Each structure stands twice: as C-alpha cells, then as structure tokens.
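The lines below spell out each chain.
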Amino acid sequence: MPDVLVLGAGMVGVSTALALQAQGQEVVLVDRTSPGHETSYGNAGLIQAEAAEPYAFPRDFASLLRVIFKRGNDVNYHLDALPDQWRPLLGYFHASAPARHQIISRSYAKLTRRSTADHAPLIAAAGVEALIKREGFRKMFRSVHEFDHAVDQAERVARQYDLALRIMDGAELAAAEPALKISCAGAFHWLDSWSCSDPGALTQAYADLFIARGGRVQTADASSLEQDGRMWSVGVHWGRLAARHVVVALGPWSPLLLRKFGYHIPMLRKRGYHRHYKGGTTLNLPMLDVENGAALSPMRAGFRVLTGAEIARFDTPPTPVQMVRAEQAARELIDLGEPVEAEPWFGNRPCMPDMLPLVGAAPRHKNLWFHFGHGHQGFTLGPTTAALLAEEIITGQVPMPELSPKRLS
Ligand SMILES: Cc1cc2nc3c(=O)[nH]c(=O)nc-3n(C[C@H](O)[C@H](O)[C@H](O)COP(=O)(O)OP(=O)(O)OC[C@H]3O[C@@H](n4cnc5c(N)ncnc54)[C@H](O)[C@@H]3O)c2cc1C
C-alpha cells in the first residue's frame, strides 16, 4: 500500500510526488488526465526568480478606475462573477495595502529566490536542458512616460531583494531583439529568471522522472476521495486506492473537492488566455508588453501570446476580448504569422487573497495536506513549496508557518 496519494499532476503535484519520493515515501500521483495538461501547460513558461513581490491589487484611485471601467487590457471581469468572488477580491484588496504587501513579499521572496535552484536538479535529472533558457526575460515599455515612471520601483525591487536587473534603453532593446518593428522606450531585463519553451513538456518530464525512480501515476477522479478511519482513498477502475496521507494539489480545482470536507476556500481564480502563432518572426527572450497586458513567449509550439487576468465564473465560456487586444499588440511589435489553434486556450491562476500558497496540514483532518493557491507563479514555485511540504509531512516541523492552511480557520 502506498504511503501518500498526491491528487493533481500539474507542476505542483508532480513536484510534490518527487519531493516525497526523495524522502523515501511510496507515492501514487493521481490525475484524471495525463501530467501537465492544464494550467501547468498553458502558462508563459517563466521560472520567475525575480518575482519577489507578488501581484498586488491596484490600490491607487487612478488604477482602480482603470480596472473598474476596463480601460486597460491587463484586467477584465464579468459582472456575474462578482457575487461568488467578492469575498476573495476584498481579502486581496486588504492584503495589498502597501505595509501588508511588504510583509507578504518578505515571505514570497524567500520562495522565489530559491526557485531556479530547486528546478535545476530536476531539469538535469529529467534530461530536459534543451527546454530551458537561463537568460532572463524583459518587461518592455512603449511610452517614455510609463518607462520613467516604473524605473524607480524596478531599481528598488532589485536592490531590496538582491536581483540582477539591466535597464535597457530603446536602442539597446532594438539591438537585442532585431525582430521588433517599432521603437520602444526601453525595457527591464530581469536576469535571474529562466524560461521554458514547453511548460507542459517540462511537467511531463518531471512526471517521467518520478516514474523512472519507481513512482506510479494513476488515472482517477479525485472527487471520489473519501476518508475511512485513518485511511484516505480514491475510486479507481479496479476498486479503491488507499493510503495514510493525501495531498490535494488540484490547482484551481482544489476548492471544489475540499467543499466536500467542509472547507470553503476563498480562492480567486484569475483566468488567462493564450494562442500560438507560426510563420512570422520571433523574439530571443520572453517579453511582457506592459502597457498592453500581453506576455510574449517564444515556444516550441509557436510564438505564444498570453493575456493578463480575467475574473470570470469558473464554468462560463471563454470571452477572449483580452486575447484579441494582445494579438493586435503583438502584431504591432513583430511579424506574428498565423494562429496555430482555431480558438485560444484558457485556464485559471489559482490565487489566494493574501497572495501566498496554502502549504501544509489541513486545519481539521488528520493526514490531509493542502498544496495549492500558487497564483501567478505556480510553475516557478512547484518544486520549492513541494520541498517545504515534504519536510512538514516527514518531520512534523512547519518550515514557513505563514504558508500554513491553518491561517484560514
Ligand atoms: C495565462 C497564464 C500564464 C501564467 N504564466 C506563468 C509563468 O510564466 N510562470 C509561473 O510560474 N506561473 C505562471 N502561471 C501560473 C501557473 O501556471 C499556475 O500557478 C500553475 O500551473 C498551477 O499549477 P498546479 O499544479 O497547482 O495546477 P494545474 O497545473 O492546473 O494542475 C492541476 C491538476 O489537477 C487535475 N485535476 C483537476 N481536477 C481533478 C479531478 N477531479 N480529478 C483528478 N485530477 C484533477 C488537472 O487535470 C491538473 O492536471 C500562469 C498562469 C496562466 C493562466
């Protein structure tokens, strides 16, 4: 009988399985599809060592009005999502007050700082160096006004968290990215971060490594989870698969399962879209077009254009208005070519109101462990928070109490 069931084979679940296996546990990784097919597939592929400060809710009046009246492309919302999401939104607004955000960032920076070092041995052991570029990524500004306005903040972050930052003017950026068709004001080149040209394939490669080391992946629906005395089990085609511990790592789906056990998780799901393009030019490094809320990532499947956040009900059909504008913005920048897919992909960033993932023991059930809520940086942080969770499960010590799910109760 296995020691642990890990529910969810995204970057967070796969990393959990590997970390527990490294501690000598027999682990079964459970998913209804194959590893790395959901949010861990659709992201921008950045391993963001520079993301020391998590995305805060805009607090100044001008930015708030911009969001409310949908003037920017970085945020969109559906009115019918608000009855369900107003509590997490309010919590997010509260946690984003500058003093609180600084305290949260102190914890967040401890995670992002070690993210590349935690990925490195897995990348090497999985034999997927070819998917990784260790040259950072750029935040680009078109207008001199916006660029000048953002410089002080970028320099402050670099100084405070000891991050490597190169501030590039328009000419330097044009030389570094010859495919750019327009002249831009400049860019911040964050050098500590890495990028991956196929995030789904990296997640799958980590799962293959887990299997090669003796682990097992089982297809099953996690919603069949039950507790029977000291054991946890899920339904599989031949009966029930049981273990003493269960880790919930279902990303944005985690709250749906946990409702069954009486937990009402205030998760804010920030939907994002992407689409690939082929037949045009490309960039050397991923780039964020800040004023247009568009991320641009060269990938194996094509040139991936991604959007910012949309607050929508989990079950509503896609409304890719941000995607249309992101594509327009990308076409202004490079020869984009033609779309690969008939429709854009969409998925949800699983965000907690206080911007910190839930990592640790469930407040009211023994041997039930939470591992989700990584928001904008789950692809970055999977191996890091997996190491922290494995330490808690094995030793009973809580390495970072501020990540504990007990803060919900
Ligand atoms: C547009 C966009 C861009 C992003 N860019 C970045 C980036 O550049 N860098 C970064 O670090 N992060 C990025 N993120 C965030 C990142 O992708 C997520 O935080 C991360 O992928 C979450 O991983 P996860 O393993 O928790 O969830 P997922 O990858 O969604 O995995 C959850 C798994 O649970 C499974 N599952 C769900 N329900 C069930 C069930 N009932 N039974 C069995 N299995 C089930 C799913 O099949 C899935 O495999 C981005 C997100 C988006 C949307």
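Our subject is the structure that appears above.
Residues numbered from 1 in each chain as written. Predicted model: local features only at pLDDT ≥ 70, side-chain atom pairs only at ≥ 80, totals over all residues. Heavy atoms only, no water.

S.K.: Would you mind going over the site of the ligand in detail, with residue names and values included?
M.R.: If you check the shell around the ligand, you find 34 residues, and the closest are D31, T39, S40, A222 and T380. In the environment of the ligand, an oxygen atom lies 3.3 Å from a nitrogen or oxygen atom belonging to the backbone of M11. At 3.0 Å from an oxygen atom of the ligand is found a main-chain nitrogen or oxygen belonging to G378. In isolation the ligand has 1,000 Å² of accessible area, and contact with the protein removes 97% of it. Sorting the residues of the shell around the ligand by element identifies α1 (11-22), α2 (39-42), β21 (345-351) and α12 (378-395) as the ones contributing at least two each. Examining the composition of the shell around the ligand, we find that 3 residues originate from one element, α12, more than from any other. (Near = heavy atom within 4 Å. Polar contact = N/O pair within 3.5 Å; in protein donor to acceptor, adjacent residues only side chain to side chain. Areas by Shrake-Rupley, 256 points an atom, 1.4 Å probe, with all protein chains shown as cover. Helix = DSSP H or I, 4+ residues; strand = E, 2+ residues; numbered from the N terminus.)

S.K.: Describe empty space enclosed by the protein, naming the residues involved and giving the relevant values.
M.R.: Summed over the entire model, instances satisfying the criterion amount to 2 cavities of 30 Å³ or more. There is about 110 Å³ of room inside the largest cavity. Lining the largest cavity are 13 residues, with P54, C351, M355, G375 and H376 positioned closest to its centre. For the lining of the largest cavity, the residue count by class is 7 nonpolar, 5 polar and 1 charged. The computed volume of the second largest cavity comes to approximately 40 Å³. Lining the second largest cavity are V359, L388, E392, V398, P399, M400 and L403. (1 Å grid on protein atoms, 1.4 Å probe; cavity = no way out; pocket = protein on both sides within 12 Å on 5 of 7 lines; lining within 4 Å. Points joined across faces, edges and corners; volume = space filled by probe spheres on them. Nonpolar A, V, L, I, M, F, W, Y, C, P; charged D, E, K, R; others polar.)

S.K.: For the pattern of salt bridges, give the residues involved together with the corresponding values.
M.R.: Applying the stated rule across the entire model yields 15 salt bridges. Residues K181 and D335 are paired through a salt bridge, measuring 3.6 Å at the closest nitrogen-oxygen approach. On the criterion of sequence distance, the pair formed by K181 in the loop between α8 (170-176) and β8 (186-190) and D335 in the loop between α11 (321-333) and β20 (337-339) is long-range, its members being 154 residues apart. Counted as one network, the salt bridges with shared partners bring together R142, D289 and E332. (Salt bridge = Lys/Arg side-chain N within 4 Å of Asp/Glu carboxyl O.)

S.K.: Could you give an account of the nonpolar core, naming the residues involved and the relevant values?
M.R.: Judged by nonpolar contacts, the single largest core of 55 residues is most densely connected at V6, L20, L202, Y206 and V247. Excluding residues within four positions of it along the chain, Y206 makes contact with M11, V14, L18, H119, L122, I123, A126 and P383. Residues V236, V248, I265 and M352 belong to the second largest nonpolar core, which totals 27 residues. (Core = buried A, V, L, I, M, F, W, Y, C linked by side-chain atoms within 4.5 Å. Buried < 20%, exposed > 50% of the residue type's maximum accessible area, 1.4 Å probe, protein only. Contact = heavy atoms within 4.5 Å.)

S.K.: Any details on the side chain of T380? Residues and values, ideally.
M.R.: Mapped onto the fold, T380 is located in helix α12. Classification of T380 as buried rests on a relative accessible area of 1%. Of the polar contacts made by the side chain of T380, one reaches the backbone oxygen of L46; its length is 3.0 Å. Look past the residues within four positions of T380 in its chain and what remains in contact with it is L46, I47, Q48, S115 and H119.

S.K.: Lay out the pairing of strand β17 (residues 294-299) with the relevant residues and their values.
M.R.: For β17, the buried fraction is high: 5 of the 6 residues fall into the buried class. Linking strand β16 (residues 287-289) to β17, which pair antiparallel, is a turn of 4 residues; within it G293 sits at a positive phi near 55°. Across 6 bridges, the pairing between β17 and strand β18 (residues 302-307) is antiparallel. Bridge pairing links M299 to G302 in β18. Taking the residues between adjacent antiparallel strands as the criterion, β17 and β18 are bridged by 2 residues. (Pairing = 2+ DSSP bridges.)

S.K.: So what's going on with the sheet that holds strand β12 (residues 231-236)? Which residues, and what values?
M.R.: Reading across from one edge, β11-β12-β13 is the order of the 3 strands in this open sheet, with antiparallel pairing throughout. Both outer strands of the open sheet, β11 (226-228) and β13 (239-243), are each paired with one neighbouring strand and no more. Direction aside, neighbouring strands of the sheet carry axes that sit 40° apart on average. Where β11 lies against β12, 3 bridges are found, and the strand directions are antiparallel. Each residue of the ladder has a partner; that of E226, found in β12, is S233. (Axes fitted to C-alpha atoms, helices over the stretch in contact; angles between N-to-C directions.)

S.K.: Summarise the layout of surface pockets; cite the residues concerned and give the values.
M.R.: Its boundaries defined by the atoms lining it, the second largest pocket holds a volume of some 380 Å³. Mapped by element, the contributors of at least two residues to the lining of the second largest pocket are α4 (82-95) and α10 (254-259). Here the element with the most residues in the lining of the second largest pocket is α4; it accounts for 6 residues. Of the residues in the lining of the second largest pocket, the class split is 10 nonpolar, 2 polar and 6 charged.

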